[in-house]
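# Remarks on the overall topology
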Amino acid sequence: MANYSVRNQVAIISLCSPPVNALSSDVRRGILDSLKKAEQDVKVAAIVICGEGRTFCVGADITEFKSEFKTFPNLFELVDILESSPKPIVAAIHGHAFGGGLEVALACHYRVALSSAKLALPEVKLGILPGAGGTQRLPRLIGIDSSMQWIAFGDEYSAQIAANIGIIDRIFPSNADILESAVQYAQSIIGKSLINRRVSKLPVKDASKVSHIMEKYKQIVGKKSRGAIAPMVCLEAIKHAALLPYVEGMKKERMGIEALMGSDQSKSLIYMFFAERQVRNWTIPGTGINSKNTKPIKVEKVAVIGLGTMGRGIVLSLLKAGIKHVSVMELNKTARENGLLFIKNILEGYAARGTISETQKRSMVDALKPVSNFEMLKDTDLVIEAVFESMSIKKDIFAKLGQVCKPSAVLATNTSALDVDEIAMVTPKPKQVVGMHFFAPAHVMKLLENVRGSKSSPQVIATAMNMGQRMGKVTVLVGNCHGFVGNRMFRHYTVETDFMLEEGAYPEQVDTVLKKFGFAMGRYQVGDLSGNDIGYRMRTKFEMTNKQQPPGAPERERHGVRYCPLADFLVESGRLGYKSDGKGWFRYLGKNRELTVDNEVTSMIDSYRRRNKIVPRKINGEEIIERALYPLINEGFKILEEGIASNPMEIDLILVHGYAWPRHTGGPMFYAHLIGLPKILRVIERHWNNAGLREPHWEPSKMLVRLVKNHGNPDIMSWTTLERETVRSAL
Ligand SMILES: CC(C)(COP(=O)(O)OP(=O)(O)OC[C@H]1O[C@@H](n2cnc3c(N)ncnc32)[C@H](O)[C@@H]1OP(=O)(O)O)[C@@H](O)C(=O)NCCC(=O)NCCSC(=O)/C=C/CCCCCCCCCCCCC(=O)O
């Protein structure tokens, strides 16, 4: 709804729909009714639209997208009604003016804002476009070039930047009273002509350059938003602002939003939006323990052990989170000096770019406390161990931590696959131990996979979850198993793509198909970028690599299971990827590391096939997608079945934020839901029937089988509940 009052000739329409004043049908109706009152009241000479509570308005109510967003007044009807008002309207912005909220502001005749306010047209991130005139009004205010930048990427901008380019007419200090300031501003414009204040009537300044600008953004969007439809539709709509009168441009904008709204990509992106918020409400399956009934321990002093790649990133994340005391312990002198230098350089970079102020930088540097022995960690609240991935080294460290740290200290291990319970058992209080699996580089990557050990106490889990959120990470709580959620699932992707290489595909073909699906890089380029030796080291631990096999052992089998050694050959011939002189699955040439197909790799694959009498066959794109992605989905269901994740959203967040799964498909589980579970199961069963135990990753998840058998193609939101009911009724 909207509240209405009048103060000294100024009508105030305040949006009132906590927590973020989304433009639900009630709010739109409230604005319209209030506007009518203001227009009819002869004592009113100007109008202010503001937001109650923490923000101006975050845009259309996303929860209404399925139904109510069309009811009168629709948002695009409302903005035209506002703009045509005979009385001047001032938008008073604090907090956020996002999406439809900014479109409402653009339809007002003046816009004022607190300096702390943020503005954006982020609809593209939900797979739609600003369909309430945003693509037509913004170019008339700031030009085609800047509009494409704002709308095709959907990023937020400060009120000051918005003022610099002409969106905001007046900025007030962040501690000013926005309503009071806006009312005074409104009084100052009473009686002024509105001729140049109706944005839809303005010309587009850089209209003549539209083709050139369009080409530029098409290129950028093609690279940055691979496979996403909405950014291109946004660009098209903005182009029409330059070429057509407002009313005609609006028709094009309408066509654009009609094409996008309800599309699979938009559904996926909206699902992601809610998943990112839902994940804060963590729960331990089957226990009743959750974020609502468990309080974290107060954390003021944190320590990080190890200043290698992971440790450095973790320290930076803690500093950015505002932790004022971060002890860093690295016993190797060179690693310590390099690590500290790296951290300081990154902070310098943030300050130079204005991401943090000089004062913030200084206080972050002051917060760094190098320590040289375990004793110095005795009053630390949270210790994050980030040393080399070796069980014996980690156990050694935890045994020492268990002796010196105070009983309430939370002891976290940053491991990507090791058993958290085994590490915990060397301490006197295993309930204080938890896993915190960061992704490299930890100060950049948004994902944190927190691992609950079988003994971790609820309070300790809550503390790790809370710390992840303080660091601004998408923090997902998972159970303890080999590889946790992400690595456990992703392994199948690499295994099955390698099998396709054996059978007839080549790395460039696989990568091209995966990029078309939306991955920023294909499986083989990712291997080259992160280093093919990482997987090799892991396989070495399980005595699987080519070199470790006794003479005469079957080349295509390990421990009775199908195996493809091509990745081993690659590493054993020194082709680790980018880092080994640009040689990996591909060759990377020149300063720009241009990816090229390397005949040496092609010959290696061909001669391997000849040696093993494999007659290569043509593998099409559909088969590549199914075989690369479906085993991973199957594993996702096994993870749900075992309670390692408590719902599909958690799995999807992990794959999207940690493994670059294309966001616009919603992650593997949402993608499975879009494809339909019966089809997914059919393909999995076909492979399983053909391969059997030689390819165990195709063994269908029991949960998936049960869901399809009992419910056909149930909605993703009901999967875990239906599974629980089925299992309960079977007991
Ligand atoms: C940055 C934020 C604004 C704030 O962040 P933060 O402070 O961290 O708070 P959050 O935790 O994120 O949010 C708090 C709670 O609020 C909920 N929330 C947030 N935004 C919305 C929203 N827009 N709608 C509903 N609910 C919202 C959030 O879920 C939290 O809830 P909870 O506490 O977890 O329960 C951040 O919130 C943010 O970024 N929000 C999103 C902003 C955004 O994306 N805005 C754009 C929305 S889309 C829009 O505005 C579109 C406008 C054009 C519509 C055109 C309409 C015309 C259509 C006609 C065409 C007809 C087509 C027909 C086709 C057919 O027939 O089908």
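Residues numbered from 1 in each chain as written. Predicted model: local features only at pLDDT ≥ 70, side-chain atom pairs only at ≥ 80, totals over all residues. Heavy atoms only, no water.

### Side note on the site of the ligand
Taken together, 31 residues are adjacent to the ligand, and Arg54, Val58, Ala60, Gly100 and Arg277 come closest. A distance of 2.9 Å is found between a nitrogen atom of the ligand and a backbone nitrogen or oxygen belonging to isoleucine 62. Considered on its own, the ligand offers 1300 Å² of accessible surface; in the complex 76% of this is hidden by protein. Sorting the residues of the shell around the ligand by element identifies β5 (96-98), α3 (100-107), α10 (246-260) and α11 (264-278) as the ones contributing at least two each. Split by residue class, the shell around the ligand holds 16 nonpolar, six polar and nine charged. (Near = heavy atom within 4 Å. Polar contact = N/O pair within 3.5 Å; in protein donor to acceptor, adjacent residues only side chain to side chain. Areas by Shrake-Rupley, 256 points an atom, 1.4 Å probe, with all protein chains shown as cover. Helix = DSSP H or I, 4+ residues; strand = E, 2+ residues; numbered from the N terminus. Nonpolar A, V, L, I, M, F, W, Y, C, P; charged D, E, K, R; others polar.)

### As for the packing of helix α24 (residues 621-641) against helix α27 (residues 677-691)
For the pair α24 and α27, the least separation of the axes is 10 Å and the interaxial angle reads 100°. Judged by the inter-axis angle, α24 sits roughly perpendicular to α27. Within the contact between the two elements, α24 uses Glu622, Glu626, Arg627, Tyr630, Ile633, Asn634 and Phe637 and α27 uses Leu677, Lys679, Ile680, Val683, Ile684, Arg686 and His687. (Axes fitted to C-alpha atoms, helices over the stretch in contact; angles between N-to-C directions. Parallel < 35°, antiparallel > 145°, perpendicular 65-115°, else oblique. Contact = heavy atoms within 4.5 Å.)

### A look at the side chain of serine 268
Mapped onto the elements of the fold, serine 268 is located in helix α11. Residues within four places of serine 268 in sequence aside, it is in contact with Arg663, His664, Thr665, Gly666, Phe670 and Leu674.

### A word on the environment of histidine 482
Within the fold, histidine 482 resides in the loop between β17 (474-479) and α18 (486-503). Once residues lying within four places of it in the same chain are set aside, the contact partners of histidine 482 are Ala417, Arg488 and Phe542.

### Thoughts on the UniProt feature "domain: 3-hydroxyacyl-CoA dehydrogenase C-terminal" (unreviewed entry) in the chain
Following the UniProt record, one finds the feature "domain: 3-hydroxyacyl-CoA dehydrogenase C-terminal" (unreviewed entry) at residues 483-588 and 624-710. A distance of 30 Å separates the end C-alpha atoms of residues 483-588, which is 51% helix and 6% strand. Between the end C-alpha atoms of residues 624-710 there is a gap of 29 Å, over a span that is 71% helix and 0% strand. (UniProt positions renumbered as here; feature names shortened; annotations may be inferred.)

### A word on the environment of leucine 589
Note that leucine 589 resides in strand β20 (residues 587-589). On the basis of relative accessibility, which here comes to 41%, the residue leucine 589 falls in the partly exposed class. For the pair leucine 589 and isoleucine 144, spaced 445 residues apart in sequence, the C-alpha to C-alpha distance is 36 Å. (Buried < 20%, exposed > 50% of the residue type's maximum accessible area, 1.4 Å probe, protein only.)

### Re the domain arrangement of the chain
Considered domain by domain, the chain is made up of domain 1 (2-262), domain 2 (301-482), domain 3 (505-611) and domain 4 (621-730). Summarising the inter-unit geometry, the C-alpha centres of domain 1 and domain 3 are found 50 Å apart. (Domains from an automatic or database assignment.)

### Things to note about the sheet that holds strand β13 (residues 382-385)
One open sheet holds the eight strands; their spatial order is β12-β11-β10-β13-β14-β15-β16-β17, and the pairing between them is mixed. Looking at strand neighbours, the two that pair on one side only are β12 (368-371) and β17, the edges of this open sheet. In this sheet, adjacent strand axes meet at a mean angle of 25° when their direction is disregarded. Bridging between strand β10 (residues 301-305) and β13 involves four bridges; their strand directions are parallel. Bridge pairing links isoleucine 305 to glutamate 385 in β13. Helix-sheet contacts for helix α15 (residues 391-404) involve β10, β13, β14 (410-413) and β15 (433-438), and the interaxial angle to β14 is about 175°. Across the sheet, helix α17 (residues 458-470) is in contact with β10, β13, β14, β15, β16 (447-452) and β17; its angle to β17 comes to roughly 155°. (Pairing = 2+ DSSP bridges.)

### With respect to unusual backbone geometry
The linkage connecting proline 18 with the following residue, proline 19, adopts the cis geometry, with an omega of 5°. Mapped onto the elements, proline 19 comes out in the loop between β2 (10-15) and α1 (25-40). The omega torsion across alanine 440 and proline 441 is -10°, close enough to zero to call that bond cis. Counting through the fold element by element, proline 441 comes out in the loop between β15 and β16. A positive phi angle, close to 45°, is found at asparagine 8, a residue other than glycine. Position of asparagine 8 among the secondary structure elements: in the loop between β1 (2-7) and β2. Backbone geometry at lysine 613 places phi at a positive 55°, although glycine is not the residue there. One can find lysine 613 in the loop between α23 (599-611) and α24.

### As for the sheet that holds β2
Pairing is mixed in the open sheet, where six strands are placed in the order β1-β2-β3-β4-β6-β9. Looking at the sheet topology across the chains shown, the edges are occupied by β1 and β9 (170-172). Taken over all neighbouring pairs, the strand axes of this sheet differ in orientation by 20° on average, direction set aside. Pairing analysis gives three bridges linking strand β6 (residues 110-114) to β9, with the strands arranged parallel.

### Some details on the packing of aromatic side chains
One pass over the full model with this rule turns up 19 aromatic pairs. When the centroid spacing of 5.0 Å and the interplanar angle of 85° are considered together, the rings of phenylalanine 517 and tyrosine 671 count as edge-to-face. Here the residue phenylalanine 517 occupies a position in helix α19 (residues 507-517), and tyrosine 671 occupies one in helix α26 (residues 668-675), the gap between them amounting to 154 residues. Of the two residues, phenylalanine 517 and tyrosine 671, neither departs from the other in class, the shared state being buried. Cation over ring: lysine 224 sits above phenylalanine 153, and NZ or CZ is 4.7 Å from the ring centre. Above the face of the phenylalanine 499 ring, arginine 562 is positioned so that its terminal group lies 3.9 Å from the ring centre. (Phe/Tyr/Trp six-rings, centres within 6.5 Å; stacked < 30°, edge-to-face > 60°. Lys NZ or Arg CZ within 6 Å of the ring centre and 35° of its normal.)

### Considerations on the pairing of β14
Residue alternation in β14 divides its side chains into two sets, Val410 and Ala412 and Leu411 and Thr413, and both sets are buried. Bridge analysis of β13 against β14 gives four bridges, and the strand direction is parallel. Counted as the bridge partner of valine 383 is leucine 411 from β14. With α15 bridging β13 and its parallel neighbour β14, the resulting β-α-β unit is right-handed. In terms of strand pairing, β14 meets β15 through three bridges, oriented parallel. Paired with alanine 412 across the two strands is valine 434, which belongs to β15. (Right-handed = clockwise from strand over helix to strand, strands pointing away.)

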